[in-house]
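# Fold and geometry: a report
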Amino acid sequence: MTNSPFTPGIAPARLDRAELETNFSDLHPPLDGHEALVAADRCYFCHDAPCITACPTSIDIPLFIRQIATGTPEAAAKTIFDQNILGGMCARVCPTETLCEEACVREAAEGKPVEIGRLQRYATDTLMAKGVHPYERAAPTGKTVAVVGAGPAGLACAHRLALHGHDVTVFEAKPKGGGLNEYGIAYYKAVGGFAEAEVDWLMKIGGIALQTGRPLGSGLTLAELREGFDAVFLGMGLQGVNALRANGETREGVVDAVGFIEELRQAGDLATLPVGRNVVVIGGGMTAIDAAVQSKLLGAESVTVLYRRGREAMPASRYEQDLAASKGVRFVFNAMPVEILGNGAVTGVRVEYTRSEGRTLTGTGETFEIAADQVLKAIGQTLEGAPEGLELAGGKIAVSGAGRTSVPGVWAGGDCASGGEDLTVTAVAEGRDAAEDIHAALMG
């Protein structure tokens, strides 16, 4: 090892390969058969289960857990996939601590919920490991649908449409399908190339053609898609990055956290990935947490997360905050960057304390400096290149009902559309529901 956590600047190989492999191993190792039975036995199998209501895809959680308990995990997986075809990834990345598990009766009574996420992973992994697909397409309808974006919303929409017998073409800007599942989540949440394997498994339904390297733009317009297909679903996510609006933002060493995570996710050898000695992450969502934790796991000496509001307002769950803290990440709340310091390359961040007065955030005038040679921006993304003619709401594509846009024959869902939370599971629900609405419109 040529470098260490104390090597100045931005450098690769701060840790040896063995330590990196350990650091980026599965965050939550899978349950074995016995562990799954023990975990399933804790479920009360509530008749009016609050966990179902808390799940954005409305999976029948007590049913699939009972199926695990009775030794039929493949049936449990089918119950999950009926509602959420990306149930394998959602079992890994869903913030279950604020969704189904927070609503669990065991959580209210004992402070320890049924491990719904790990049980879901056990069931879905068991079925997917068999290499079979549990669905068969309906008879061909002769209808064609274009799906823009092979992220969670687009994939869920495409699968459901193919299931109904429609022919689907998915246009994806990047070299691989999967969207944020492939490019935008922490490495340790989905190890072993699972995101890519899940896309391959999903495609076994048939009737879906994936064209990569095909972004929506000059070479592929909405007008052309409307003319060439019977319906269009837009699920291209958010490609733009919000500006930091601080002096010195263009200094060397200031990068977008999503791009940092993407580079890490696609790296063949983590030892080749450079990271700063002192890293400052600006933001308070899951991207900020994922970037901060992975910076620390790559060998950064110090990692600090700056969030402009208080802890209680932080979008990332308390579980994720605690995970980051356990890895050595430092949090500074009620603090916003006002200047990126340095002469060419970053040397530090000047930060101003803030106070909230209702919804208004103001600086107190009191500032301090933090040493930094790498600054990761995780302050949200924006929709870029929205097709002309689409009504927008809050900077996203306006939708009504099950994803209908202002343009006839065009639906939208996922992060690019107005509506729900920016979660994988929410995107899946929106893509699935839009597909049902498209099917009804095409066959009506």
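A brief report on the enclosed structure follows. (Residues numbered from 1 in each chain as written. Predicted model: local features only at pLDDT ≥ 70, side-chain atom pairs only at ≥ 80, totals over all residues. Heavy atoms only, no water.)

### Things to note about empty space enclosed by the protein
In the structure shown here, the tally under the stated rule is three cavities of 30 Å³ or more. Counted as a void, the largest cavity has a volume near 130 Å³. If you go around the largest cavity, you meet 16 residues; those closest to its centre are C55, C94, T96, C100 and Q120. Contributions of two or more residues to the lining of the largest cavity are made by α6 (87-93) and α9 (116-129). No other element matches α9, which puts three residues into the lining of the largest cavity. Here the residues of the lining of the largest cavity sort into eleven nonpolar, five polar and no charged. If you add up the space inside the second largest cavity, you get close to 100 Å³. Counting residues per element, the ones that place at least two in the lining of the second largest cavity are α3 (50-54), α4 (61-69) and α8 (105-110). If one sorts the elements of the lining of the second largest cavity by residue count, α4 sits on top with three residues. (1 Å grid on protein atoms, 1.4 Å probe; cavity = no way out; pocket = protein on both sides within 12 Å on 5 of 7 lines; lining within 4 Å. Points joined across faces, edges and corners; volume = space filled by probe spheres on them. Helix = DSSP H or I, 4+ residues; strand = E, 2+ residues; numbered from the N terminus. Nonpolar A, V, L, I, M, F, W, Y, C, P; charged D, E, K, R; others polar.)

### Quick look at the pairing of strand β9 (residues 278-282)
Of all five residues in β9, five are buried, a share of seventy percent or more. With burial as the criterion, each face of β9 is covered, one bearing N278, V280 and I282 and the other bearing V279 and V281. Pairing analysis gives five bridges linking β9 to strand β10 (residues 302-306), with the strands arranged parallel. Looking at β10, one finds that V281 is bridged to V305. Taken together, β9, helix α15 (residues 286-297) and β10 constitute a β-α-β crossover, and its handedness is right-handed. (Buried < 20%, exposed > 50% of the residue type's maximum accessible area, 1.4 Å probe, protein only. Pairing = 2+ DSSP bridges. Right-handed = clockwise from strand over helix to strand, strands pointing away.)

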